[in-house]
Amino acid sequence: MTKIRALIVDDEFNNRENLRLALETYCKEVEVIAEADSAITAMDRIKELSPDLVFLDIAMPLGSGFDLLESLPKIDFEIIFVTAYDQYAIRAIKFAAIDYLLKPINALELKKAVDRVQSKHLQKNQQGQLEALLHNLQQQEKKIALPQSDHIEFVPVNSIIRCQGDRNYTYFFLKDGRKLLVSRTLKEYVGLLDDQSFYRVHQSHLVNLNCVQKYKKRDGGILITSDGAKIPVARARKEELLTRLMERN
């Protein structure tokens, strides 16, 4: 079995040691070839050793993990972010569909993340994912990564009209007429898009309120969106929906 050559980047020795021990115990396919205690040191190690995988801390005193990525001319390795809870950073990472681990490291989550790297399923999309991540950190207009069977679509959030859940899948209906299917639940995207002008009007429907053309009052209510779809509104969500719609006018 080909080893995954990994670099651990974290400014705290104990964190690096704990991750190294966890990898030795639960991820035999990973060989830690070096460690770095800063973004500056990490850059030297990356240029020198060309790792396959970098476990990258976000918050470090002499430059963040994001600073490191922005300073590299080319990123030809996989990344798993390792961070203490930082809501803003984690949301940005989720938008780009990049793996991350929360400190302290959970062995099961570590194994899952490494397995995804080993499968190489997303490898060819890493550069695009990182570009989307860095774009979202700097811009108001966000892009979201939507994994497809053989690639990842990077879609501006404001180009999404609505999302429709179907068990473990979600359909994205876009302004250009496309319909993208993603093998993730609607609930995952509610958490990402709930502060981006989207509202879950029904258990199976998440709607971009900027794309609502009409509200019909019968039953719980029906929304007509800009693509002509008729979206049912759950009775329990009618009042808040109307408030949200009025606030936008």
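Right above here is the structure, for reference.
Predicted model, so just to flag it, every value in this text is computed and none were measured.

Q: It is not clear to me how the sheet that holds strand S14 (residues 222-225) should be interpreted in this structure. Could you clarify?
A: Hydrogen bonds between backbone groups are what pair the strands of a sheet, and the pairing can be parallel or antiparallel. Across the sheet, 3 strands lie side by side as S13-S14-S15; this open sheet has antiparallel pairing. Either end of the sheet is taken by a strand with one partner, and the two such strands are strand S13 (212-216) and strand S15 (230-232). Averaged over all adjacent pairs, the angle separating strand axes in this sheet is 25 degrees, with direction ignored. As paired strands, S14 and S15 are joined by 3 bridges and run antiparallel to one another. Within S15, the residue paired with Leu-223 across the bridge is Ile-231. Against the sheet, helix H8 (residues 238-247) engages S13 and S14, with an angle of about 140 degrees to S13.

Q: Just to check I follow, could you spell out the pairing of strand S1 (residues 4-9) for this structure?
A: It is a general feature of regular strands that their side chains alternate between the two faces of the sheet. Judged by how many residues are buried, S1 sits mostly within the fold: 5 of 6 residues are covered. Bridge analysis of S1 against strand S2 (residues 30-36) gives 6 bridges, and the strand direction is parallel. Within the sheet, the bridge partner assigned to Leu-7 lies in S2 and is Ala-34. One crossover worth recording links S1 to the parallel S2 by way of helix H1 (residues 13-26), and it is right-handed.

Q: Looking at this structure, I do not really get the environment of Glu-153. What am I missing?
A: Following the sequence through the fold, Glu-153 ends up in strand S7 (residues 152-156). Remark: the alpha-carbon pair of Glu-153 and Leu-180, spanning 27 residues in sequence, is separated by 8.9 Å. Of the polar contacts made by the side chain of Glu-153, one reaches the side chain of His-151; its length is 3.2 Å. Within the structure, Glu-153 has its side chain in polar contact with the side chain of Arg-178 (distance 3.2 Å).

Q: Whenever I open this one, the side chain of Ser-64 confuses me. Can you help?
A: As for its position among the elements, Ser-64 is in the loop between strand S3 (53-57) and helix H3 (65-71). Judged by relative accessible area, Ser-64 falls into the buried class, the value being 18%. Reaching out from Ser-64, the side chain makes a polar contact with the backbone nitrogen of Phe-66 at a distance of 3.3 Å. Dropping the residues within four chain positions of it, Ser-64 is found in contact with Ala-39 and Ile-58.

Q: What should I look at first to understand the sheet that holds strand S11 (residues 198-202) in this one?
A: The antiparallel open sheet is built from 5 strands, whose spatial order is S10-S9-S8-S12-S11. Among the strands making up the open sheet, the edge pair consists of strand S10 (179-182) and S11. Averaged over all neighbouring strand pairs, the angle between strand axes comes to 20 degrees, with direction disregarded. As paired strands, strand S8 (residues 160-166) and strand S9 (residues 169-174) are joined by 6 bridges and run antiparallel to one another. Looking at the pairing, Gly-165 lines up with Thr-170 of S9. In the packing of helix H7 (residues 186-193) onto the sheet, contacts are made with S8, S9, S10, S11 and strand S12 (205-208), and the angle to S12 comes to roughly 30 degrees.

About the cut-offs
- Residues numbered from 1 in each chain as written.
- Predicted model: local features only at pLDDT ≥ 70, side-chain atom pairs only at ≥ 80, totals over all residues.
- Heavy atoms only, no water.
- Pairing = 2+ DSSP bridges.
- Helix = DSSP H or I, 4+ residues; strand = E, 2+ residues; numbered from the N terminus.
- Axes fitted to C-alpha atoms, helices over the stretch in contact; angles between N-to-C directions.
- Contact = heavy atoms within 4.5 Å.
- Buried < 20%, exposed > 50% of the residue type's maximum accessible area, 1.4 Å probe, protein only.
- Right-handed = clockwise from strand over helix to strand, strands pointing away.
- Polar contact = N/O pair within 3.5 Å; in protein donor to acceptor, adjacent residues only side chain to side chain.

From the geometry alone we can't say anything about function, so treat these as descriptive.
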